[in-house]
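Letter by letter, the chains look like this.
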Amino acid sequence: MEEKKLINTDFGLNMLDGDTSLYKILIDSFLIESPFDEKKLDSLISEGKNEEAGSYVHRCKGAAGQIGAERLHLAGQLFEDVLKGRKTGDIQSLREQFISVYRETAKALTQYRMQI
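Basis of the calculations
- Residues numbered from 1 in each chain as written.
- Predicted model: local features only at pLDDT ≥ 70, side-chain atom pairs only at ≥ 80, totals over all residues.
- Heavy atoms only, no water.
- Helix = DSSP H or I, 4+ residues; strand = E, 2+ residues; numbered from the N terminus.
- Buried < 20%, exposed > 50% of the residue type's maximum accessible area, 1.4 Å probe, protein only.
- Contact = heavy atoms within 4.5 Å.
- Areas by Shrake-Rupley, 256 points an atom, 1.4 Å probe, with all protein chains shown as cover.
- Lys, Arg positive; Asp, Glu negative; His and termini not counted.
- Charge placed at Lys NZ, Arg CZ, Asp CG, Glu CD.
- Salt bridge = Lys/Arg side-chain N within 4 Å of Asp/Glu carboxyl O.
- Axes fitted to C-alpha atoms, helices over the stretch in contact; angles between N-to-C directions.
- Parallel < 35°, antiparallel > 145°, perpendicular 65-115°, else oblique.
- Left-handed = near helix turned anticlockwise from the far one by under 90°.
- Nonpolar A, V, L, I, M, F, W, Y, C, P; charged D, E, K, R; others polar.
- Expected span 1.5 Å × (residues − 1).
- Core = buried A, V, L, I, M, F, W, Y, C linked by side-chain atoms within 4.5 Å.

Caption draft 1: Layout of the overall build of the protein chain. Along the backbone of the protein chain there are 6 helices and 0 strands. Counting helices and strands in the order they occur from the N terminus, the protein chain gives α-α-α-α-α-α. In terms of principal-axis extent, the alpha carbons of the protein chain reach across some 40 × 35 × 20 Å. The buried share of the protein chain, reckoned over its 116 residues, is 40%. Taking as baseline every contact in the protein chain between residues at least 6 positions apart, the subset at least 24 positions apart corresponds to 65%. With the model as given, the accessible surface of the protein chain reaches about 6,700 Å², and the carbon-plus-sulfur share is 50%. Here the protein chain contributes 16 positive and 19 negative side-chain charges, whose respective centroids are spaced 2 Å apart.

Caption draft 2: Fine view of the pattern of salt bridges. What the rule picks out here adds up to 11 salt bridges. Residues Glu38 and Arg95 are paired through a salt bridge, measuring 2.8 Å at the closest nitrogen-oxygen approach. A residue pair is termed long-range when its members are at least 10 positions apart, and Glu38 in helix 3 (residues 38-46) and Arg95 in helix 6 (residues 91-115) qualify at 57 residues. Here the residues in one salt-bridge network are Lys61, Glu80, Asp81, Lys84, Arg86 and Lys87, joined through shared partners.

Caption draft 3: Fine view of the packing of helix 5 (residues 70-83) against helix 6. Where helix 5 contacts helix 6, the two axes come as close as 9 Å, and the packing angle between them is 155°. Considering the angle they form, helix 5 stands roughly antiparallel to helix 6. In this structure, helix 5 meets helix 6 at a crossing whose hand is left-handed. For the pair formed by helix 5 and helix 6, the contact residues are Arg71, Leu72, Ala75, Gly76, Leu78, Phe79, Val82 and Leu83 on the first element and Ile91, Leu94, Arg95, Phe98, Val101, Tyr102, Glu104 and Thr105 on the second. Counted by class, the contact of helix 5 with helix 6 contains 11 nonpolar, 2 polar and 3 charged residues.

Caption draft 4: Local environment of helix 6. Look at helix 6: 36 Å from first C-alpha to last across 25 residues, which is about the 36 Å you get at 1.5 Å a residue. Listing the buried residues of helix 6 in full gives Leu94, Arg95, Phe98, Ile99, Val101, Tyr102, Thr105, Ala106, Ala108, Leu109 and Tyr112. Looking at the buried positions of helix 6, the neighbouring elements they touch are helix 1 (9-15), helix 2 (20-33), helix 3, helix 4 (50-66) and helix 5.

Caption draft 5: The nonpolar core, seen in detail. Tyr23, Phe30, Phe36, Leu41, Leu72 and Phe98 are the most contacted members of the largest nonpolar core, which totals 32 residues. For this core, the secondary-structure elements that each account for two or more residues are helix 2, helix 3, helix 4, helix 5 and helix 6. Ranked by residue count, the leading element in this core is helix 6, at 9 residues. Residues in contact with Phe98, not counting those within four places in the same chain, are Phe36, Val57, Cys60, Leu72, Ala75, Gly76 and Phe79.

Caption draft 6: Looking closely at the packing of helix 4 against helix 5. Here helix 4 crosses helix 5 at 165°, and the two axes come no closer than 8 Å. The pairing of helix 4 with helix 5 is recorded here as roughly antiparallel in orientation. Where helix 4 crosses over helix 5, the two elements pack in a sense that is left-handed. Each of Asn50, Glu51, Ala53, Gly54, Val57, His58, Cys60, Lys61, Ala64 and Gly65 in helix 4 lies in contact with helix 5, whose residues at this interface are Leu72, His73, Gly76, Gln77, Phe79, Glu80 and Leu83. Split into classes, the residues belonging to the contact of helix 4 with helix 5 amount to 7 nonpolar, 7 polar and 3 charged.

Here you go:
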């Protein structure tokens, strides 16, 4: 299986027919307008609202997929599946993995958007 990239800009741009200005808007939306809120996720989980937490992760996962953030998309899918009860797994370790990949992705996207 092909290893997932942190950010596959070719994929992201291909989804937009190469429109770099639109790609930058999507990155800005992901990072600034609708950033992932770790505290919101933790609150939902601590309240036992795993289905809602899964939906919250799903939103981030979907946005990540649109911009070519492949590792975050994959981590989000694994985490969402466990939160929504489709698969079994350790919520805390998947949360830590997801948050770690999110932070790494956000840092890389911030650097990338300054170059375009």
